[in-house]
Amino acid sequence: MLKIWGRSNSVNVKKVLWCADELGLAYERTDAGLQFGVVNEPWYRKMNPNGLVPTIEDDGLVLWESNAIVRYLAAKYGSGTLWPAGPGARAASDKWMDWTLSTLHGPYRDVFWGMVRTPPEKRNMEQIEASRNKCAELWAMVDAALEGKRFLGGEQLTIGDIPLGCFAYAWYAMPIERPAMKNLDAWYRRLAERPAYRKHVVLPLS
Ligand SMILES: N[C@@H](CCC(=O)N[C@@H](CS)C(=O)NCC(=O)O)C(=O)O
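Everything numeric here is computed off the predicted structure, so don't read it as measured data.

Draft legend 1. Focus on the overall build of the protein. Secondary structure assignment for the protein yields eight helices and four strands. Along the protein, helices and strands appear, N-terminal first, in the series β-α-β-α-β-β-α-α-α-α-α-α. The C-alpha atoms of the protein give 17 Å as radius of gyration, which agrees with the globular expectation for 206 residues (17 Å, within 12%). On the principal axes, the C-alpha backbone points of the protein span a range of 45 × 45 × 25 Å. For the protein, the accessible surface area stands at approximately 9,800 Å², while carbon and sulfur atoms represent 54% of it.

Set out below in structure tokens:
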């Protein structure tokens with residue numbers, strides 16, 4: 001059976017759990033990271049030398065890096081659903097995974113750590129506000145890409161929606177100002193209708 005290591009409140013673990021449930025996979029999850037420790041155990045470091053979560057083991061394959069795990073599970077178990085058929089359609093969805101990590105992640109992290117993991121009296125509001133503005137600019141790109149579409153890859157949920165969908169939850173749940181974006185708002189509401197998203201992504205922010 002698929003094994004997943006990682007605490008359930010990690011945004012990167014959420015991607016994998018949501019993906020596995022969308023694919024209807026049976027899995028066994030073990031808490032790891034932060035208060036759970038585990039990540040510095042020699043046996044864990046042997047699987048994942050980064051000492052980070054998530055890590056999976058499937059049919060003898062050990063894998064880390066959440067986006068690579070989502071791609072792997074979708075390619076193996078979600079052909080024609082989460083894993084779009086054909087290289088063009090796949091790349092059009094897949095590019096949002098790289099974009100989330102390379103472009104949105106930096107400013108998102110500043111806002112998330114500032115608003116969720118820093119006590120109010122210690123917050124650097126100037127930096128948080130600059131990063132919030134940057135995030136709003138970036139979400140506007142997603143809003144434009146969603147014009148006339150239900151999901152980033154078209155009519156159905158595909159790999160590109162998964163990392164961004166996890167970041168979107170925090171964006172909507174944090175007590176911050178957000179410009180209204182009609183396509184993004186509708187996409188987020190669509191994600192929130194999915195049982196697997198509600199189960200794994202919509203958790204109190206911590
Ligand atoms: N690029 C990696 C980043 C992994 C990562 O930074 N994981 C965080 C949780 S979101 C972590 O392990 N933090 C330390 C910990 O939980 O002990 C991925 O996408 O899997």
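Draft legend 2. Summary view of the pairing of strand S4 (residues 61–64). Across four bridges, the pairing between strand S3 (residues 55–58) and S4 is antiparallel. By the bridge assignment, Glu 57 is partnered in S4 with Val 62. Once S3 ends, the chain turns through two residues before running back antiparallel as S4, passing Asp 59 with a positive phi of about 50°.

Draft legend 3. The arrangement of the layout of surface pockets in detail. What the largest pocket holds in volume is close to 720 Å³. In this structure, the largest pocket is lined by 33 residues; those nearest its centre are Arg 7, Ser 10, Val 11, Asn 12 and Val 53. Of all the elements in the fold, those that place two or more residues in the lining of the largest pocket are helix H1 (11–22), helix H4 (87–116) and helix H6 (161–173). With six residues, the single largest contributor to the lining of the largest pocket is H4.

Draft legend 4. Here's a closer look at the packing of aromatic side chains. Taken as a whole and judged by the stated rule, the model has nine aromatic pairs. Plain terms: the ring middles of Trp 18 and Tyr 197 are 4.8 Å apart, the flat faces sit at 70° to each other, and that makes the pair edge-to-face. Of this pair, Trp 18 sits in helix H1 while Tyr 197 sits in helix H8 (residues 195–200), placing them 179 residues apart in sequence. Assigned by exposure class, Trp 18 and Tyr 197 land together as buried.

Draft legend 5. Up close: helix H5 (residues 125–145). Taking 1.5 Å as the rise per residue, H5 with 21 residues should run 30 Å; its terminal C-alpha atoms sit 30 Å apart, in good agreement. Turning to H5, its buried residues are Ile 128, Ser 131, Arg 132, Cys 135, Ala 136, Leu 138, Trp 139, Val 142 and Asp 143. Packed against the buried residues of H5 are H4, H6 and helix H7 (182–192).

Draft legend 6. Up close: H6. Helix length check: H6, at 13 residues, gives a terminal C-alpha distance of 18 Å against a target of 18 Å (1.5 Å per residue), a fit within 8%. The element H6 is largely enclosed, with a buried count of 12 among its 13 residues. Restricting attention to buried positions, one finds in H6 the residues Asp 161, Ile 162, Pro 163, Leu 164, Gly 165, Cys 166, Phe 167, Ala 168, Tyr 169, Ala 170, Trp 171 and Tyr 172.

Draft legend 7. View of the nonpolar core. One finds Leu 73, Trp 139 and Trp 187 to be the most contacted residues of the largest nonpolar core, which totals 65 residues. The leading source of residues in this core is H6, at nine residues. The residue makeup of this core includes at least three contributed by each of domain 1 (2–77) and domain 2 (87–199). Once residues lying within four places of it in the same chain are set aside, the contact partners of Leu 73 are Leu 2, Val 16, Cys 19, Leu 23, Leu 25, Ile 56 and Gly 78.

Quick notes on the rules
- Residues numbered from 1 in each chain as written.
- Predicted model: local features only at pLDDT ≥ 70, side-chain atom pairs only at ≥ 80, totals over all residues.
- Heavy atoms only, no water.
- Helix = DSSP H or I, 4+ residues; strand = E, 2+ residues; numbered from the N terminus.
- Rg over C-alpha atoms; globule rule 2.2 N^0.38 Å.
- Areas by Shrake-Rupley, 256 points an atom, 1.4 Å probe, with all protein chains shown as cover.
- Pairing = 2+ DSSP bridges.
- 1 Å grid on protein atoms, 1.4 Å probe; cavity = no way out; pocket = protein on both sides within 12 Å on 5 of 7 lines; lining within 4 Å.
- Points joined across faces, edges and corners; volume = space filled by probe spheres on them.
- Phe/Tyr/Trp six-rings, centres within 6.5 Å; stacked < 30°, edge-to-face > 60°.
- Buried < 20%, exposed > 50% of the residue type's maximum accessible area, 1.4 Å probe, protein only.
- Expected span 1.5 Å × (residues − 1).
- Contact = heavy atoms within 4.5 Å.
- Core = buried A, V, L, I, M, F, W, Y, C linked by side-chain atoms within 4.5 Å.
- Domains from an automatic or database assignment.

Remember that the coordinates give geometry; whether it matters functionally is a separate question.
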